[in-house]
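# Fold and geometry: a report
Here is what each chain is made of, one letter per residue.
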Amino acid sequence: MTERIKAYFGKLYEMRFFIWHLVKLDLRNKFRRSKLGMMWTFISPLCLTMIMAVVFATVFKQDIATYAPYILSGILVWDILGSSFQAGSYAIISNQFYIRQCNHPYSLYTLKSSLVYLVTFLIAMVSLLLWLVFVNPIGILYGALFLIPALIIYFPISWAGTTIAAYTAAKYRDYPMMIPLIMQALWYVSPVFFQESMFESNPILYKWFLYNPISCILNLIRAPFLYNRAPALMDYGISILFAVVLGLWAYRIAHKNGKEVIFYL
Amino acid sequence: MGKKDAHIYLDHVNMSYPSNIYNARTLKQELFARMKLEKPKPLLRDVHALKDFTLHAEEGERIGVIGHNGSGKSTLLKTIAGIYPVVSGTVDVQGKIHSLFDIGLGFDPEATGRDNILYRGLLLGSKPDEIAEKTQEIVDFAGLGDFIDYPLKSYSSGMMVRLAFSVSTSLTGEVLLLDEVLSTGDISFMGKARQRMLHVIDEAKLMVFVTHDLASMVEVCNRAIMLDHGQIVFDGDPKEAVEFYKERMLGGTN
């Protein structure tokens, strides 16, 4: 078993140049012939935040200076999850030409997609830093301390999510149509832009808010960057547990469907 | 311990294309069939592409694979390459595989010819510095001139083929798997492409060559197998294989 795992990761390591090339290609193709290019990665969430902050600060009577970074951090972290489960659907399907020619591990393609989402997240984080320079510069220092542990948890969550999405979508073509609806529903019951106080009116919703793994995943970034403190141990615990459960699920799906998935392409 | 000789051992291999994929029905078809508004689609069976297939190939062998369309030749190559899974039996391949099939697929039309050389090299497992060393030779061989720095979408299909062929044959491997790629391109390119292919074949320790070009098969192979419905019906000398093939095809025995 250990030998097999070693051989598997050894093969991935051997293909590291190809994986990195696919990551660069993906990012380049996304912004090809665009004037602003990669800058859209942080301009887009920044503008979306401004729109949402103005609307929601008016509706919920929130202080825009503190509410805007709350929304922005929510959008950035949500983007990794959303991309993994939605765009990740195409991680295997869109690489079928390579799959038909070479016997490389399929996880190479899911790994590449999650690396793209991670790089995109890191570039997009510039928008949060820009905002914090004006409203909470100390948060940048705290954030710098806790960013790496957050990434260590985000990355396996993203890879596992992409793996689940990629295999499921290759077999069941309804998945890419269905998953945006599920993600949209999750968005509304998670504190991406709703604050804790907004959940307190309903005890069931509040309980869900407290134990929702997405709340904990969001806190890994929000606590240091916005509130100048370390994330709670419970946030780490639930996030790691979520990553492990997702990882086991992804392993099971990849193991069960294994090579058979080529017949669905 | 010395390095093992290259070999391909296929023992009692069964490989099928699962029918559940072709038989999948949409919700509309399902409902209409139940309501008897639509005749249900007849169910297809699994396509049993390789049947209890055993083949042992040792280093030094150049095996030509012939047979009618659908006899399982390409499936055999992809099974040896590990691309298709087997239902039962064992596949044991020793040596670095260099597969040359579907070589025109997977190029990036937005990237330049030069970039695509890098991408293809990486896909085939080379390192960037190894590809950098070979790039000029590939560019010269493909003979694309200044077009090499243009996006691929500006290429004609012939130019695409030349580039694909030049990159794919610039690398070598121990176990060479070929599907009909012996010469390609226009008349000016065909001659040198053939020479280059013969060089790649020479470099390989073991080759399996699927083809309908019987003359080429006799020229480059020292063993031939003929497939029929996923089974070997002839295994021996290439010239005799051609006779057997012609007799069987013209005789109408299928």
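Sequence positions are assigned chain by chain, starting from 1 and proceeding in written order. Each chain is given a letter, starting from A, and each ligand a number, starting from 1, according to the order in which they appear as written. Local features in this predicted model are restricted to residues of pLDDT 70 or higher, and side-chain atom pairs are both shown and tallied only at a pLDDT of 80 or more, whereas totals for entire chains, interfaces and linings draw on every residue.

### Section: the interface of chain A and chain B
Here the contact rule is simple: place C-beta atoms from the backbone, and any two residues whose C-beta atoms are within 7 Å are in contact. In this assembly, 20 residues from chain A lie in contact with 21 residues from chain B. The secondary structure listing takes helices from DSSP runs of H or I that are at least 4 residues long and strands from runs of E that are at least 2 residues long, numbered from the N terminus. It is helix α2 (residues 16-30) of chain A that contributes the most residues to the side of chain A that touches chain B, five residues altogether.

### Some words on the domain arrangement of chain B
Residues and elements named next belong to chain B. Domain boundaries assigned for chain B yield domain 1 (7-95 + 211-251) and domain 2 (113-204). What marks off one domain from the next here is an automatic or database domain assignment. Of note, the centres of domain 1 and domain 2, computed from C-alpha atoms alone, are 28 Å apart. Going through the elements one at a time, α3 (73-80) and α8 (214-220) are the ones with two or more residues in the side of domain 1 that touches domain 2. Of the residues forming the side of domain 1 that touches domain 2, the biggest block, three residues, is contributed by α3.

### A few points about the sheet that holds strand β2 (residues 47-58) of chain B
Strands belonging to one sheet form pairs held by backbone hydrogen bonds; the direction of such a pair is parallel or antiparallel. Residue and element names in this part refer to chain B. A pair of strands is labelled paired if DSSP reports no fewer than 2 bridges between them. Spatial ordering of the open sheet is given by β2-β1-β4, a layout of three strands whose pairing is antiparallel. Here the strands that pair on one side only, and so sit at the sheet edges, are β2 and β4 (88-94). Taking each pair of neighbouring strands and ignoring which way they run, the sheet shows an average axis angle of 20°. Two elements, strand β1 (residues 7-17) and β2, share eight bridges in a ladder whose sense is antiparallel. Within β2, the position partnered with H7 by the bridge is E58. Convention adopted: a line fitted to C-alpha atoms gives each axis, helices being fitted over their contacting stretch, and angles between N-to-C directions are expressed from 0 to 180 degrees.

### Some words on the sheet that holds strand β6 (residues 175-179) of chain B
Residues and elements named next belong to chain B. The mixed open sheet is built from six strands, whose spatial order is β5-β6-β7-β3-β8-β9. Each edge of the open sheet is held by one strand with a lone partner, namely β5 (97-100) and β9 (231-236). Averaged over all pairs of adjacent strands, the angle between strand axes in this sheet comes to 15°, irrespective of strand direction. In this sheet, β6 lies alongside β5 in parallel orientation, the contact comprising four bridges. Looking across to β6, one finds that S99 is bridged to L177.

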